[in-house]
Each structure stands twice: as structure tokens, then as C-alpha cells.
Amino acid sequence: TFLLYFSLFKPQVHGIVRRSSSFNTGRIEHLYKNPQAHIEGNMKLHYGDLTDSTCLVKIINEVKPTEIYNLGAQSHVKISFDLAEYTADVDGVGTLRLLDAIKTCGLINSVKFYQASTSELFGKVQEIPQKETTPFYPRSPYGAAKLYAYWIVVNFREAYNLFAVNGILFNHESPRRGANFVTRKISRSVAKIHLGQLDCFSLGNLDAKRDWGHARDYVEAMWLMLQTDEPEDFVIATGEVHSVREFVEKSFQHIGKTIVWEGKNENEVGRCKETGKIHVTVNHKYYRPTEVDFLQGDCTKARQKLNWKPRVTFDELVREMVDADVELMRNNPNA
């Protein structure tokens, strides 16, 4: 989990990484290996944690950043029900600690702050599609913690005139998505089935519908939000909705398999039309205690004010994720 800092006077990126007995920087290893992305000294990692206000003050005071992107969170919705207090501490109060650190270091007038907000704020949706003015109704400890973070950002913006924005990003995926998130679980499992390393995998609610985009497009939107003259909150989304079921079907289609669904509810299975093998089952343990059934974003404001629009289609996203996992599993079946 990283918080990214950018200094515009001498181009640098500083990140915060939690201390672990095992390496947890796998998602940015490609930056170290690419000389165009990383020239020695231009990217630096600091040990820190959103639960430790003292370390945040020390790092911010040392770096004196011009842009701060708070991407740190316990971001798995289902797990937040099991780690509710920790999720609140990191995702909610952690944001307050960062904002307080900016204030303590006297950087209110020189820092631009981006908060990674989430479509999970809308939860039990009050209107379709969801936009910046849609009422919030979070349905998980994760959503509730992010709701606190959203409003404390607004409060610091209004109380201290801090350039602080909330990016209300709908689901954004890529091959670097964590393995326990549903899209990556699907792409990894389909890759393993394609390579003969797996026969079947289990999912939860197949009919949950999400507005899925590519993380690459959404990171561009995050940056654009901090390049504006006035701080505003933005919804970032594609405007298209696809179900978990459709993500499964598209993933298997890419490896030449057609999934036919049989049964209902927990007895439903996905069977390969070509071979007759069952590749997908449903397990109730993957359901959330309170479900978010439908999320669809309206990014009209971002299109008009940021001149932003998504470039990667849903089909392209699915193919990229499956292809990346086929390559990964072929080279390292235990990854």
C-alpha cells in the first residue's frame, strides 16, 4: 500500500511502504527495472504506516512534497467485515492523520492532496447512474470508513483552504490487481485452467454488477484533478455496467471456452460447453453480509472539466488481465 508524493522542483516520487518480513513491493518492481521510469534517486521508498501519525509528520516534513496521493487503505470490502476496526483506523482516521501532518508541517498553502475515494460510498444506490451529487449509502465497514475520509477531506478544504480533492473512482482493474479481488481471481483461475493447472474455482455473487475500467486510465484522472485551478471532487467511471458472470464468460471466451450456466443460487455451476467440465461453482462464504448489487458511474463532470475519458474497453481489460496471468502462471505456476 503506497502513498505517493511528487516534488515538482526536482522531479521525484516518494512512496510509503509498510514494514514487512517479506518483500511487498512486487507491484512496482517494473519501475526499478525500467531506466526510463526510475533514474537513481528520483524514486524513494520510506517505511511508514497510516496508523502512525509521528512517522507521517517526519516523512512529510523531510520530503516537503507538492502533491500527495493518498492511495493507502485496507481496500478489500469483504475482508473489512472481519477487520472492521482496523479498516476504520487505516482508511478513515489514517486520512485524518495525513491531513493533520500536512497542517503540522506548515504545508497547507503549498501541497495539493488527492484522496482515493470509492464508488462503495454509494452502496445501496439512491439513483442510477451515480454522480457527485448522489446521496451516499455505504454498505460495509470499508465504505463507512471511506465516507469519513471523504468528509474530513471536504472539511479540511473548507476550514483551512487546503487544495484537497476526493476522486470517487469506480472499480479500476489491471494485471496488478490483488489476487483476492474477484476480477484477478477470475483471470488467474482461467489462466490456470487454460494451462491445465486447475480444474475449477469458486465465486460468490455472480450477478453483482459493476462499472469496471482500467487503472491506467483512472490514474491519469487522479493526476488531472490536481492540475486544476480549484479543488473539486470528481466521479471517475466508464458509464458501462457488467456483471461478475459476464467477466467470467469473457475471460473463458478469450481462451476458447464457452461457459454454460446450470442450476440456481448456491447450486449454480459454470460448465464448459466444449468439454462438459465444471469450471465454476458458487460458495456462500464469498458473499458479503450486506451486498452492493449495482454500481454505475456518471463521469460527465470529469469529461467536461478535466477533458478526461476512459480509453480501455471492458473487453480489452479482460483480455489483458487473462493474457498477463497466462504468462505469469506459465513461468511460475505457484505465483
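Now for a look at the structure at hand. Not measured: the values here are computed from a predicted model. (Residues numbered from 1 in each chain as written. Predicted model: local features only at pLDDT ≥ 70, side-chain atom pairs only at ≥ 80, totals over all residues. Heavy atoms only, no water.)

Once that is clear, we can look at the overall build of the protein chain. Tallying secondary structure elements over the protein chain gives ten helices and 15 strands in all. Since a compact globule built from 335 residues should have a radius of gyration of about 20 Å, the 21 Å found for the protein chain is in line with a globular shape. Overall size of the protein chain, expressed as C-alpha extent along the three principal axes, is 65 × 45 × 40 Å. Out of the 335 residues belonging to the protein chain, those deemed buried represent 49%. Within the protein chain, contacts between residues at least 6 apart in sequence are counted, and of these 73% link residues at least 24 apart. Carbon and sulfur atoms make up 49% of the accessible area of the protein chain, which totals about 16,200 Å². (Helix = DSSP H or I, 4+ residues; strand = E, 2+ residues; numbered from the N terminus. Rg over C-alpha atoms; globule rule 2.2 N^0.38 Å. Buried < 20%, exposed > 50% of the residue type's maximum accessible area, 1.4 Å probe, protein only. Contact = heavy atoms within 4.5 Å. Areas by Shrake-Rupley, 256 points an atom, 1.4 Å probe, with all protein chains shown as cover.)

The next subject is unusual backbone geometry. The bulk of non-glycine residues show a negative phi, and the bulk of peptide bonds are trans. Cis peptide bonds are those with omega within 30 degrees of zero, and the linkage from I128 to P129 qualifies with -5°. For P129, the position within the fold is in the loop between strand 5 (112-118) and helix 5 (141-160). Of note in this structure, N161 is not a glycine but carries a positive phi near 60°. On the secondary structure map, N161 appears in the loop between helix 5 and strand 6 (163-169). Judged by its relative accessible area of 64%, N161 is exposed.

Considering the arrangement of structural elements, one finds I59 in helix 2 (residues 53-63). C-alpha of I59 to C-alpha of H284: the two residues are 225 residues apart in sequence and 43 Å apart in space. Among residues more than four places away in sequence, those in contact with I59 are I16, H46, Y47 and G48.

The next point concerns the packing of aromatic side chains. Between two aromatic rings, the relevant description is the distance of the centres plus the angle of the planes. Taken as a whole, this structure holds eleven aromatic pairs when the rule is applied. Measuring from ring centre to ring centre gives 5.0 Å for Y150 and W151, while their planes differ by 85°; the resulting arrangement is edge-to-face. W151 gets classed as partly exposed once you look at its relative accessible area, which sits at 49%. Taken together, a centroid distance of 5.7 Å and an interplanar angle of 80° make the contact between F247 and F314 edge-to-face. Placement of the pair is F247 in helix 8 (residues 244-254) and F314 in helix 10 (residues 314-331), with a sequence separation of 67 residues. (Phe/Tyr/Trp six-rings, centres within 6.5 Å; stacked < 30°, edge-to-face > 60°.)

The next thing to look at is the nonpolar core. In terms of nonpolar packing, the biggest core is built from 26 residues, with I186, F201, L203 and F252 touching the most fellow members. Element by element, the count of residues in this core is highest for helix 10, at seven residues. In this structure, I186 is in contact with F201, L203, V244, F247, V248 and S251, ignoring residues within four places of it in sequence. One finds L50, I68, L96 and L99 within the second-largest nonpolar core, a separate group that totals 24 residues. (Core = buried A, V, L, I, M, F, W, Y, C linked by side-chain atoms within 4.5 Å.)

Among all positions in helix 2, only C55, L56, I59, I60 and V63 are buried. Projected down its long axis, helix 2 shows its buried positions confined to an angular sector of 125°, all on one face. For helix 2, the exposed residues lying more than 90 degrees away from the buried face are K58 and E62. The N-cap of helix 2, judged by a side-chain oxygen 3.2 Å from the amide nitrogen of T54 a few residues on, is D52. Positioned one or two residues after helix 2, K64 has a phi angle of 50°, which is positive. (Arc of directions from axis to C-beta. Polar contact = N/O pair within 3.5 Å; in protein donor to acceptor, adjacent residues only side chain to side chain.)

Before going further, it helps to examine the state of the cysteines. Per the stated rule, a full pass over the model turns up zero disulfides. Between C55, a free cysteine, and C105, which holds the nearest cysteine sulfur, the sulfur-to-sulfur gap is 11 Å. (Disulfide = S-S within 2.5 Å.)

Sheet strands line up and pair through hydrogen bonds in the backbone, either parallel or antiparallel. The sheet built from four strands is open, its strands ordered 8-15-14-13 with mixed pairing. The open sheet is flanked by strand 8 (201-203) and strand 13 (259-262), the only strands paired with a single partner. Sheet twist, expressed as the mean angle between neighbouring strand axes with direction ignored, is 25°. Pairing of strand 14 (residues 269-272) with strand 15 (residues 278-282), which is carried by three bridges, proceeds in the antiparallel orientation. Of the residues in strand 15, the one forming a bridge with G270 is V280. Sheet contacts for helix 6 (residues 182-194): strand 8 and strand 15; angle to strand 8, the most-contacted strand, approximately 160°. Helix-sheet contacts for helix 8 involve strand 8, strand 13 and strand 15, and the interaxial angle to strand 13 is about 145°. (Pairing = 2+ DSSP bridges. Axes fitted to C-alpha atoms, helices over the stretch in contact; angles between N-to-C directions.)

Below, the discussion takes up the pattern of salt bridges. For the structure shown, the criterion picks out 15 salt bridges. Measuring nitrogen to oxygen at the nearest pair gives 3.4 Å for the salt bridge that ties K131 to E127. Overall, K131 belongs to the partly exposed group, its relative accessible area being 30%. According to the relative accessible area criterion, E127 is partly exposed, its value standing at 27%. (Salt bridge = Lys/Arg side-chain N within 4 Å of Asp/Glu carboxyl O.)

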